[in-house]
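Okay, here's what each chain looks like letter by letter:
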Amino acid sequence: MSIKENLLHIQSQLPSHVTLVAVSKTKPVADLMEAYNAGQRIFGENKIQEMTEKWQQMPKDIEWHMIGHVQSNKVKYMIPYVKLIHGVDSLKLLKEINRLAAKWRKKVDCLLQIHIAEEDTKFGLDEMELEEILNSDELKTFQNIRIVGLMGMATFTDDNEQIKREFLHLKSIFDKNKQLETLNLKLETLSMGMSGDYQLAIECGSTMVRIGSSIFGGR
Ligand SMILES: *Cc1c(COP(=O)(O)O)cnc(C)c1O
């Protein structure tokens, strides 16, 4: 199937409250353009340099999402055009994003990444660390970011029951903190689900899925 067919097939399965991020990491601009021409406007990349190069070459009505782990010293390169940063996992990083966004007179949307998988290898906050950030006084002073939701990745396993438990765990953390609302904090987006598990993620309350290989083919 072509990229366009894959995309339309996935789109047809998504409820209207679920946003599709087309994860285009490692894929050439020609592939992204095929998705763009089929109507896709949100693309996710996990390396800043690759995202920058694609941003330069592609139409400017695209929303670029950084889905990978973000290093503080690289934030400056993406601030000019990034719309949403999915993998924020410290107050220090929020502070740096805020500082650079202020320079550009922008507001940058962020998701806080929560560690839900069993593997140690995946980044993210635990529940206590999340609450510390959400309730910190320093956060309230950050005028150039907005925390708009949470993101998580399930364990890489065939065990659907385990994946479901992990997604429901994230959903419960999301619901627990949903009532918090300040000038730069309101949890509305729950980014969970990839090619292998997005249907399950949607059943568990996802509002944003990040899908790569089911659109563009294997990497
Ligand atoms: C690569 C990646 C995806 C997409 O994975 P697929 O299995 O190809 O759909 C989603 N989220 C993150 C954080 C990724 O790094």
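Shown above is the structure to which this text applies.
Right, let's walk through the structure included here. (Residues numbered from 1 in each chain as written. Predicted model: local features only at pLDDT ≥ 70, side-chain atom pairs only at ≥ 80, totals over all residues. Heavy atoms only, no water.)

**Regarding the site of the ligand**
Around the ligand, the neighbouring residues are Val23, Lys25, Ile67, Met151, Met153, Met194, Ser195, Arg210, Ile211, Gly212, Ser213 and Arg219. Separating an oxygen atom of the ligand from a backbone N or O atom of serine 213 is a distance of 2.8 Å. Arginine 219 has a polar side-chain atom sitting 2.8 Å from an oxygen atom of the ligand. For the ligand, the accessible surface in isolation is 390 Å², of which the surrounding protein chains cover 89%. The residue makeup of the shell around the ligand, split by class, is six nonpolar, three polar and three charged. (Near = heavy atom within 4 Å. Polar contact = N/O pair within 3.5 Å; in protein donor to acceptor, adjacent residues only side chain to side chain. Areas by Shrake-Rupley, 256 points an atom, 1.4 Å probe, with all protein chains shown as cover. Nonpolar A, V, L, I, M, F, W, Y, C, P; charged D, E, K, R; others polar.)

**Remarks on the packing of aromatic side chains**
On inspection of all chains with the given rule, the structure shows two aromatic pairs. Consider the rings of phenylalanine 43 and tryptophan 64, whose centres lie 5.8 Å apart with planes at 35°: the pair is tilted. Taken as a pair, phenylalanine 43 in strand 2 (residues 42–45) and tryptophan 64 in strand 3 (residues 63–66) lie far apart in primary sequence, 21 residues in all. As far as the burial class goes, phenylalanine 43 and tryptophan 64 line up, both buried. Each ring, one from tryptophan 55 and one from tyrosine 81, has its centre 4.6 Å from the other, and the planes form 10°; the classification is stacked. Taken together, the residues span a long stretch of sequence, with tryptophan 55 in helix 3 (residues 48–57) and tyrosine 81 in the loop between helix 4 (75–78) and strand 4 (82–88) at a distance of 26 residues. Here arginine 41 stacks its cationic end above the ring of tyrosine 36, 3.6 Å away from the centre of that ring. (Phe/Tyr/Trp six-rings, centres within 6.5 Å; stacked < 30°, edge-to-face > 60°. Helix = DSSP H or I, 4+ residues; strand = E, 2+ residues; numbered from the N terminus. Buried < 20%, exposed > 50% of the residue type's maximum accessible area, 1.4 Å probe, protein only. Lys NZ or Arg CZ within 6 Å of the ring centre and 35° of its normal.)

**Describing helix 6 (residues 127–134)**
Where helix 6 is concerned, the buried positions are Leu130, Ile133 and Leu134. On an axial view of helix 6, the arc spanned by its buried residues comes to 95°, and they lie on one face. Exposed side of helix 6, more than 90 degrees from the buried face: Met128 and Glu132 are the residues found there. Its buried side turned inward, helix 6 meets helix 5 (91–103), strand 5 (108–114), helix 7 (137–140), strand 6 (145–152), helix 8 (160–177) and strand 7 (185–191). Structurally, the start of helix 6 carries an N-cap: the backbone nitrogen of methionine 128 is 3.1 Å from a side-chain oxygen of aspartate 126. (Arc of directions from axis to C-beta. Contact = heavy atoms within 4.5 Å.)

**Focus on the environment of serine 24**
Position of serine 24 among the secondary structure elements: in the loop between strand 1 (19–23) and helix 2 (29–37). The class of serine 24 is buried, set by a relative accessible area of 0%. For serine 24 and glycine 217, which are 193 residues apart along the polypeptide, the C-alpha to C-alpha distance reads 10.0 Å. Contacts of serine 24, omitting those with residues within four sequence positions, involve Leu32, Phe43, Gly44, Glu45, Glu50, Lys54 and Phe216.

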